[in-house]
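# Observations on the three-dimensional arrangement
Okay, here's what each chain looks like letter by letter:
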Amino acid sequence: MGPIKETYVDVLIIGAGPAGLMMAVWMAKCGISTRIVDKRGTKVFSGQADGLQCRTLEIMDSLGFGHRAWRESNHMLEFCMWSPDEAGRLRRSDRIADTTPGLSRFQQAVLQQGRIERFFLDEMAECSDIRVERAVMPTSLTIDEAVVEDPDSYPIVVALRHLTEEEATPKHTTAAANGQPVHDGLFRSNLTKDDTAEMLALSKLNEHAGAEQIVHAKYVVGADGAHSWTRRQIGLSLEGDSTDYIWGVLDIVPITDFPDIRMRCAIHSADSGSIMIIPREKKLVRVYVQLTTTAKVGDEAGSRADRSKINPDIIIAEAQKIMAPYQISYQTLDWWTAYQIGQRVGTQFSVHERVFLAGDAVHTHSPKAGQGMNVSMQDTFNLGWKIASVVKGQTNRSILKTYESERRKVAQDLITFDHKFSRLFSGRPAKDDTDTEGVKMEDFKDAFMKGNLFVSGTSVNYGASAIVAKAEDPSAQRDGIDALSGDERGCLISDQALAPGLVVGMRIPSVKVLSQADARPWHLQELLPSNGRWRVLVFPGNVQDQKQADRLTSVANNFDSRDSFVARFTAADGPIDAVFELLVVHKAPRSAVTIFDFPPVFRRFSDVEGYDYDKIYVDDVSYHEGHGNIYQEFGISEEGCIVVVRPDQHVSYVGSLRKPEAVTQFFSGFMVSQVK
Ligand code: FAD
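Residues numbered from 1 in each chain as written. Predicted model: local features only at pLDDT ≥ 70, side-chain atom pairs only at ≥ 80, totals over all residues. Heavy atoms only, no water.

### Quick word on the overall build of the chain
Along the backbone of the chain there are 15 helices and 28 strands. Taking all 676 residues of the chain together, 59% fall into the buried category. (Helix = DSSP H or I, 4+ residues; strand = E, 2+ residues; numbered from the N terminus. Buried < 20%, exposed > 50% of the residue type's maximum accessible area, 1.4 Å probe, protein only.)

Quick look at the structure:
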């Protein structure tokens, strides 16, 4: 055997599930040297997660493949609740919109995880040479603590071992469903023991296993799922509990007389348990079935289910009991699994802001609210641009602390929500008002409607920090979250009253605006693709009003000056908009002005390409797609305002046109001067 190969890389990602792939796509978009390894020989092909929430679709759209997911997925429009009437007969007791209308330009949709992973892989290949290295597994990880604060150091050393194909293939149980072999998801479910140790042992024994190599990395992201090897190496753990509720999951093409089989349904039977129906693409339906009669290994609360007693026949038989008098069976079974509900969250999300954990590696919960894959991808959507900007030398390492302060709060909120929702879902329905042990359907509906906003992902509101200029949130201190101090933030606080509809800390909502140059309508979010850039949006109001035009000119002069954030924090040898993109959305009638009525900083000129036509937009009526009324939607007054938007579309700052220098003050709090 030759010498062990040693390589250097900025970012090493362990695990190529949804969280790892989101991280890899960010790195690809930002041009960061990256490796991503996965112990499995292949990606997921069927089953697993399927729910795509509105915010996730917005994010995918910003990454360039939202349209693929939107087109291929099944869209869920209505949520139907079924429960027994006074005589104990199952009937539809209520129906509501599945996604609260007006939350987003997308609604909840469903598509299997394998397709979603495909979109990420294609996008990575499109814009970089990063490829998932499969059948590769880390065997050791060490951190040189002496150099962790040196931004140029490679303090993490990871040994990687190549596995054989056999080692990298999970052992599926083959269930005979009318003669068809079926892959199950038990190897990844929480009913199955982690197979990492077994695979490592195998790889040591197998003389044909590939070479070992050593990777020196600046940053490591452990996106290696609920059994996370990375988490164990850095000595972190998950806190939380398990419940007694055991669920089976079937992906089937159902044969049934149940009238709402193509709606999302929650069915509570009188005393046989509950079902969640998720209509999917290609006539598939996912059925989550509560298994009330399956034996467990131990009698005590929280003990594991006996996996050997669960199979598709048992799950469909339980489904039949719950759905009676309706009939349900199948000829086509695509995938199945079983799991026991548990809610756990990581005590810490990183060590030294060098090794980070994301996705199921730091939070696990029940899948029925369709959150796991979404929140996992949103973790690394939060982390990716931050690591990229630090690696590029644009920002201080201090912003990396905000990953934990922002995402741990989301994970805790998710666990709290899931705890409540899964108990309401799994409990038996109350027989009448005096039945205090049972679940009241009004309480279930209420929890669903309140939870709808949360699960959509659009309500995430990041707390005060160097990159979110707002007053400290006292509850962040209560939760023990390490928000940055006012001093570290330079104490800049937004004037939220200037745009009440653009909440500082939340993602920017989307409203249609028109291009000033060619009258084409765009969703505002479409103007903010995920490429690592910050956006400074100037809302000058009606620029035909001389006062507003003068204010816009003084903002432009400030942004164009040698002391501004643009000049100080953009490398002189790169494009002028490499870090910041300046956009205007005005409110004068579109036909009354042209791009030449706006300061040159918003329509830069190049000898090769002429003027930049895609920085100036207007709040006006379009020919074919109505009027977005963005000023009204965001509550922006005639006075206008300046809005800073992070590379992940969250609003960082809202301030007055009269104080353009505040934008430089904001960026000075965490950016690295590029002035030589
Ligand atoms: P994973 O998807 O688990 O990916 C981890 C990756 O790391 C895997 O590819 C694994 O092979 C790799 N890996 C693990 N260990 C190592 C190692 N030591 N070295 C190298 N690689 C390693 N979520 C939803 O949002 N909506 C749903 O509807 C939904 N339904 C679900 C239904 C079921 C039955 C189950 C089981 C889960 C469901 N989930 C759902 C949850 C969802 O699948 C997970 O939350 C999501 O996949 C988490 O993504 P992740 O990238 O963090 O982890």
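### Thoughts on the nonpolar core
If you look at the biggest cluster of nonpolar residues, it comprises 107 residues, and the most contacted ones within it are Phe120, Met124, Ile387, Trp534, Phe565 and Phe667. When residues of this core are assigned to domains, at least three map to each of domain 1 (5-73 + 111-240 + 344-418) and domain 3 (496-669). Not counting the four nearest positions on each side in its chain, Phe667 is found in contact with Trp534, Val536, Phe565, Phe569, Phe580 and Val644. Met81, Val513, Leu527 and Leu583 belong to the second-largest nonpolar core, a separate cluster that totals 54 residues. (Core = buried A, V, L, I, M, F, W, Y, C linked by side-chain atoms within 4.5 Å. Domains from an automatic or database assignment. Contact = heavy atoms within 4.5 Å.)

### Structural notes on the pattern of salt bridges
Evaluated as defined, the whole model comprises 35 salt bridges. A salt bridge links Asp251 to Arg280, with the shortest nitrogen-to-oxygen separation between them at 3.3 Å. Here the residue Asp251 occupies a position in strand E12 (residues 238-256), and Arg280 occupies one in the loop between strand E14 (274-279) and strand E15 (285-290), the gap between them amounting to 29 residues. The salt bridge partner of Arg280 is Glu281, with a shortest N-O separation of 3.0 Å. (Salt bridge = Lys/Arg side-chain N within 4 Å of Asp/Glu carboxyl O.)

### Overview of empty space enclosed by the protein
Evaluated as defined, the whole model comprises five cavities of 30 Å³ or more. For the largest cavity, the calculated volume is near 80 Å³. Forming the walls of the largest cavity are Arg55, Ile59, Gln378, Phe381, Asn382, Arg407, Gly457, Val460, Tyr462, Asp648 and His650. Every element with two or more residues in the lining of the largest cavity is listed here: helix H2 (54-63) and helix H8 (372-391). It is H8 that provides the largest number of residues to the lining of the largest cavity, a total of three residues. (1 Å grid on protein atoms, 1.4 Å probe; cavity = no way out; pocket = protein on both sides within 12 Å on 5 of 7 lines; lining within 4 Å. Points joined across faces, edges and corners; volume = space filled by probe spheres on them.)

### Structural notes on the domain arrangement of the chain
Along its sequence, the chain is organised into domain 1 (5-73 + 111-240 + 344-418), domain 2 (74-107 + 242-297 + 305-341) and domain 3 (496-669). Each of domain 2 and domain 3 was reduced to a C-alpha centroid, and the two centroids are 47 Å apart.

### Examining the site of the ligand
What surrounds the ligand is a group of 35 residues, the closest being Ala19, Asp38, Asp50, Asp360 and Met373. At 2.9 Å from an oxygen atom of the ligand is found a main-chain nitrogen or oxygen belonging to Ala19. Asn374 is positioned such that a nitrogen or oxygen atom in its side chain is 3.2 Å from an oxygen atom of the ligand. Compared with its free state, where it exposes 990 Å², the ligand has 93% of that area covered by protein. Here the element with the most residues in the shell around the ligand is H8; it accounts for four residues. Across the shell around the ligand, the residue classes break down as 14 nonpolar, 13 polar and eight charged. Residues lining the shell around the ligand come from more than one domain, with at least three contributed by each of domain 1 (5-73 + 111-240 + 344-418) and domain 2 (74-107 + 242-297 + 305-341). (Near = heavy atom within 4 Å. Polar contact = N/O pair within 3.5 Å; in protein donor to acceptor, adjacent residues only side chain to side chain. Areas by Shrake-Rupley, 256 points an atom, 1.4 Å probe, with all protein chains shown as cover. Nonpolar A, V, L, I, M, F, W, Y, C, P; charged D, E, K, R; others polar.)

### A word on the packing of helix H1 (residues 18-30) against H8
In contact at an axis separation of 8 Å, H1 and H8 are set at 30° when each is read in the N-to-C sense. Put simply, H1 runs roughly parallel to H8. The crossing of H1 and H8 is right-handed. Contacts between H1 and H8 pair Pro18, Ala19, Met22, Met23, Trp26, Met27 and Cys30 from the former with Met373, Ser376, Met377, Thr380, Phe381, Leu383, Gly384, Trp385, Ile387 and Ala388 from the latter. Looking at side-chain class alone, the contact of H1 with H8 contains 14 nonpolar, three polar and no charged residues. (Axes fitted to C-alpha atoms, helices over the stretch in contact; angles between N-to-C directions. Parallel < 35°, antiparallel > 145°, perpendicular 65-115°, else oblique. Left-handed = near helix turned anticlockwise from the far one by under 90°.)

### Examining the packing of H2 against H8
Remark: H2 packs on H8, axes separated minimally by 10 Å, with the N-to-C direction vectors making an angle of 45°. With respect to each other, H2 and H8 are oriented oblique. You can see that H2 and H8 cross each other, and the crossing is left-handed. Each of Arg55, Thr56, Ile59, Met60 and Ser62 in H2 lies in contact with H8, whose residues at this interface are Asn374, Met377, Gln378 and Phe381. Broken down by class, the residue content of the contact of H2 with H8 amounts to four nonpolar, four polar and one charged.

### Section: the environment of Phe258
The residue Phe258 is located in the loop between E12 and strand E13 (264-268) in this model. Separated by 30 residues in the primary sequence, Phe258 and Tyr288 have C-alpha atoms spaced 16 Å apart.

### Some details on the sheet that holds strand E28 (residues 651-655)
If you walk across this open sheet you meet the seven strands as E21-E20-E26-E23-E22-E27-E28, and the pairing is mixed. Each edge of the open sheet is held by one strand with a lone partner, namely strand E21 (521-523) and E28. Pairwise comparison of adjacent strand axes, ignoring direction, gives a mean angle of 30° for this sheet. Pairing of strand E22 (residues 534-541) with strand E23 (residues 580-586), which is carried by six bridges, proceeds in the parallel orientation. If you follow Arg535 over to E23, its bridge partner there is Glu581. (Pairing = 2+ DSSP bridges.)

### Here we look at the layout of surface pockets
In this structure, the second largest pocket encloses a volume near 430 Å³. Lining the second largest pocket are 19 residues, with Pro84, Pro429, Ala430, Lys431 and Asp432 sitting closest to its centre. Each residue belonging to the lining of the second largest pocket can be placed in one class, and the counts come to six nonpolar, three polar and ten charged.

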